[in-house]
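The chain contents come next:
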Amino acid sequence: MAIEQEFADRVYDRVDVLRADAEGHREAGYAHRDTTVPGAQYERDVFVYRAARRIADLDSQHEGLVFGRLDFDDGRVRHVGRLGVRDQEYRTLLVDWRAPAAAPFYRATAVDRQEVARRRVIRSFGRSVEEISDDLLNEDAADRLPVIGDGALMAALGRKRTGRMKDIVATIQTEQDAAIRAPGRGATVITGGPGTGKTVVALHRAAFLLYQDRGLYEAAGILVVGPSAVFMKYIGRVLPSLGEETAALYSLGELYAGVEAVRQDRSEVASVKGGTVMLPILRRLVRQTPPGAPAELRIVYRGEVFGLDAAELGAARARVFEKEQRPNLAKTEAGRALLVALWRKVKPLMPDAEPAKFSRDLGSRGEFLTFLDHWWPDLDPAQVLGWAGDERRLASAAEGHLKRSSIDAVAASFRASDFSVQDVALLDELRLLLGVKPEPRDRDRIRSWSGVQEVSTTQDRYYDRAERQARDAFYEDYAHVIVDEAQDLSPMQWRMLGRRGRTAGWTIVGDEAQSSWPRPKESADARRRSVPRGRLHEFHLTKNYRNSKEVFDYAAEWAKPRLKNIDLPEAVRETGVDVEERSVAADALLPGVAGAVVEALEAVEGTVGIIAPYARHGELSAVVHDDRVMLVGPLESKGLEWDAVIAADLDGIAAEHGPGVAYVVLTRATQRLTRIDVT
């Protein structure tokens, strides 16, 4: 302990020096605040930015900076930490966990030692070394290398949950490390059953990619997509804890600018909205005449009144769509179609009229332009999706595609006061169907002040980080896309994500057994069309680190007869606490859950999750009286974990969302699971 404390002190002292140097550079940059020469101003800003970023990096990695040590067969010692540190002679003091030199810390085993004799995990609080745990890989080195501790992984798994996912840089396992370090190009598919660490591996992979090629991945961006806002909040601190702040994190309900959808549609409605059947329906919808559009045009030309009735206006609208299918890009074509239709009426009565003069005279009139604005308005996707709340409009667009009962249910959902998570993919599809006017993007790094051009400097080209693109929910040029809980994505959601990563590398994480989407083949086809073709890297995780053996064995026994080809990982620890089953009457669910919550809070130090059907949330919200307790729906529980879980009305959850989702519910507890059935 004293030896490792001495080394940690040495590293922290060096970091203090590096931080002081960075602060000095930042202050030196501020000292040139009155500079007036444009080139010097730019150099100053780059100087200050880089110094501030270095300070932020050092500060974010301060806690638990040194967490690993490797002793090799030849006597060499290598320490591994959250970032790389060199001493004053520029010799390596601490190796960044993402560097190739750190790989043996995660990959060395008794079978393939990679010349490692002993691996040590160091746990710290602040700057103080608190705990050491060793693995002796070379038995012949036992005399010179003492072994301390009882397993860092088991200790980490046994600690209480806090409601936030933590990084696992000190306890990454061999199969996880292989997935983290996979190439960024092509598609990396990470599969595995519940609790195998798929999510945290994907997040550490983002940090690894940024380390490997910061210029590419920080400039063009990494997109991380999860199933719900609750899930994104849960994982939100993992990348910052690894020193990475630049990845964009969005839930599926947030991938349309200005919308933060959290509501889930009923399963029968969601299966319609998420299916490819919506594509022809949306295409027909955008072609419909907007509500409130005038049904008749009357205009005077050279003393005569000419007009177009509803049928003629409809024919003109159809001719517009023959030439331009995107309404918001077709206004000029719409005006031309009206003028052509009017000209056909004017020409027989006025043989001397000239078409060019007629178009100029009539097309510039205020009353004609006002009519055009009302007849062919600019359309917003939210507005058009709202049209589908009218059963007649939706029935017209869905003719031949949906049954009447489905039309009524889907139309009713569109009349809700807010958007559902499933609506977001439809809004994004409508955005393209309606037409997005391209915005010029300035990629030229040559700047100009008063006509004088400033070329990028040597500092900028060789030492500065690449210039970042502005990335809102519509940004489509990501360098890498990470999709968690991919088994739940509908075809429409795959299309939405595919637009964000047309040329990106992909990391796709999921477990088919936990799927809530009812037509997996349709979703798989959409995924193949959305993810760019390239080299495929596949990784399968086989160890369940979340659940105790008692909890997972119970979940597995429940799931095996209900789910085909289920992947059952091996739970690596036992608690001696069996799953508890209870039954209550329908009107006694609230007191039954309340009693279970009180017992769980007394039994565990960390968090307690209540997972119940959405219809029960109104009554059960009364039992959430402690910051350690959270009530969520079955779909929001995906990817989350609690020390204790109360699963209320599991049969109701399975009936509403399918056995895959109920299986998810049973695998959220790290220590204790209580199942309360309704009789």
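Just so you know, these numbers come straight off a predicted model, no measurement behind them. (Residues numbered from 1 in each chain as written. Predicted model: local features only at pLDDT ≥ 70, side-chain atom pairs only at ≥ 80, totals over all residues. Heavy atoms only, no water.)

K.L.:
Please explain the overall build of the chain as it appears in this structure.
P.N.:
Summing up its helical and strand segments, the chain has 27 helices and 23 strands in all. A total of about 30,900 Å² of accessible surface is found on the chain, and carbon and sulfur atoms cover 50% of it. (Helix = DSSP H or I, 4+ residues; strand = E, 2+ residues; numbered from the N terminus. Areas by Shrake-Rupley, 256 points an atom, 1.4 Å probe, with all protein chains shown as cover.)

K.L.:
Got a minute to help me understand the environment of V572 in this structure?
P.N.:
By secondary structure assignment, the location of V572 is in the loop between β18 (570-571) and β19 (580-584). Put simply, V572 and N544 are 28 residues apart on the chain and 6.3 Å apart in space, counted from C-alpha to C-alpha.

K.L.:
Is there a simple way to think about the packing of aromatic side chains in this case?
P.N.:
Describing an aromatic ring pair means giving the distance of the ring centres and the angle of the ring planes. A complete count under the given rule lists ten aromatic pairs for this structure. Look at Y256 and F474: their rings are 4.9 Å apart centre to centre, the planes differ by 75°, and that puts the pair in the edge-to-face class. Placement of the pair is Y256 in the loop between β9 (248-251) and α10 (267-273) and F474 in the loop between α20 (458-462) and β14 (480-483), with a sequence separation of 218 residues. Take Y256: its relative accessible area is 9%, and that puts it in the buried class. Between F321 and W376, the aromatic rings sit 5.4 Å apart at their centres with planes inclined by 40°, giving tilted as the arrangement. (Phe/Tyr/Trp six-rings, centres within 6.5 Å; stacked < 30°, edge-to-face > 60°. Buried < 20%, exposed > 50% of the residue type's maximum accessible area, 1.4 Å probe, protein only.)

K.L.:
Please clarify how the nonpolar core should be interpreted in this entry.
P.N.:
Grouped burial of nonpolar side chains is what soluble globular proteins tend to show. Residues W97, I222, L282, W494, W506, Y663 and L673 are the most contacted members of the largest nonpolar core, which totals 127 residues. Ignoring any residue separated from it by four or fewer positions in sequence, one finds W494 in contact with V483, A486, L489, W506, I508, S523, A526, R527, S530 and V531. The next biggest cluster of nonpolar side chains, apart from the first, holds 27 residues, and it includes L297, Y301, L342 and F358. (Core = buried A, V, L, I, M, F, W, Y, C linked by side-chain atoms within 4.5 Å. Contact = heavy atoms within 4.5 Å.)

K.L.:
What's the story with the pairing of strand β4 (residues 92-96) in this structure? I'm lost.
P.N.:
The side chains of a regular strand alternate, first on one face of the sheet and then on the other. Of all five residues in β4, four are buried, a share of seventy percent or more. Strand direction decides the pairing type here: strand β2 (residues 77-81) and β4, joined by two bridges, are parallel. In the sheet register, G81 faces β4, and the bridge partner there is D96. Bridge count for strand β3 (residues 85-86) against β4 is two bridges, and the pairing is antiparallel. Bridged to V85 within β4 is L94. Between β3 and the antiparallel strand that follows it, β4, lie five residues; Y90 among them carries a positive phi value of about 65°. (Pairing = 2+ DSSP bridges.)

K.L.:
How should the sheet that holds strand β8 (residues 222-226) be read in this particular structure?
P.N.:
Strand pairing in a sheet takes place through backbone hydrogen bonds and is either antiparallel or parallel in direction. Pairing in this open sheet of six strands is parallel, and the strands run β9-β8-β14-β15-β7-β16 from one edge to the other. Edge positions in the open sheet fall to β9 and β16 (536-541), since each of these has one partner strand only. Strand-to-strand twist of the sheet, defined as the mean angle between neighbouring strand axes without regard to direction, takes the value 15°. Where β14 meets strand β15 (residues 505-510), four bridges bridge the pair, whose relative direction is parallel. By the bridge assignment, V483 is partnered in β15 with I508. (Axes fitted to C-alpha atoms, helices over the stretch in contact; angles between N-to-C directions.)

K.L.:
Please explain the packing of helix α26 (residues 650-657) against helix α27 (residues 659-666) as it appears in this structure.
P.N.:
When two helices pack together, their arrangement is given by the angle between the helix axes and the distance between those axes. The contact between α26 and α27 brings their axes to 7 Å, and the two run at 140°. Here α26 lies oblique to α27, going by the angle between them. Residues L650, I653, A654 and H657 of α26 form the contact with α27, whose participating residues are P659, V661, A662, V665 and L666. Across the contact of α26 with α27, the residue classes break down as eight nonpolar, one polar and no charged. (Parallel < 35°, antiparallel > 145°, perpendicular 65-115°, else oblique. Nonpolar A, V, L, I, M, F, W, Y, C, P; charged D, E, K, R; others polar.)

K.L.:
Help me out: how do you make sense of the pattern of salt bridges in this one?
P.N.:
Pairing between side chains of opposite charge can happen when the charged atoms of each approach one another. Taken as a whole and assessed by the stated rule, the structure comprises 57 salt bridges. Overlapping salt bridges, with partners in common, bring together D428, E429, R431, E476, R495, R499, R500 and R502 in one network. (Salt bridge = Lys/Arg side-chain N within 4 Å of Asp/Glu carboxyl O.)

K.L.:
What's the story with unusual backbone geometry in this structure? I'm lost.
P.N.:
The bulk of non-glycine residues show a negative phi, and the bulk of peptide bonds are trans. One non-glycine residue, Q114, lies in positive phi territory at about 55°. Relative to the helices and strands, Q114 is located in the loop between α3 (103-107) and β5 (116-125). The exposure class assigned to Q114 is partly exposed, which follows from its relative accessible area of 32%. A positive phi angle, near 50°, is found at N565, a position not held by glycine.

K.L.:
What is the right way to read helix α1 (residues 2-30) from this model?
P.N.:
Every α-helical turn comprises 3.6 residues, leaving residues that sit three or four positions apart pointing alike. A rise of 1.5 Å per residue sets the reference length of α1, with its 29 residues, at 42 Å; its end C-alpha atoms lie 42 Å apart and thus fit the reference within 8%. Residues of α1 that are buried: E4, Q5, F7, A8, V11, Y12, R14, V15, L18, A22 and G29. (Expected span 1.5 Å × (residues − 1).)

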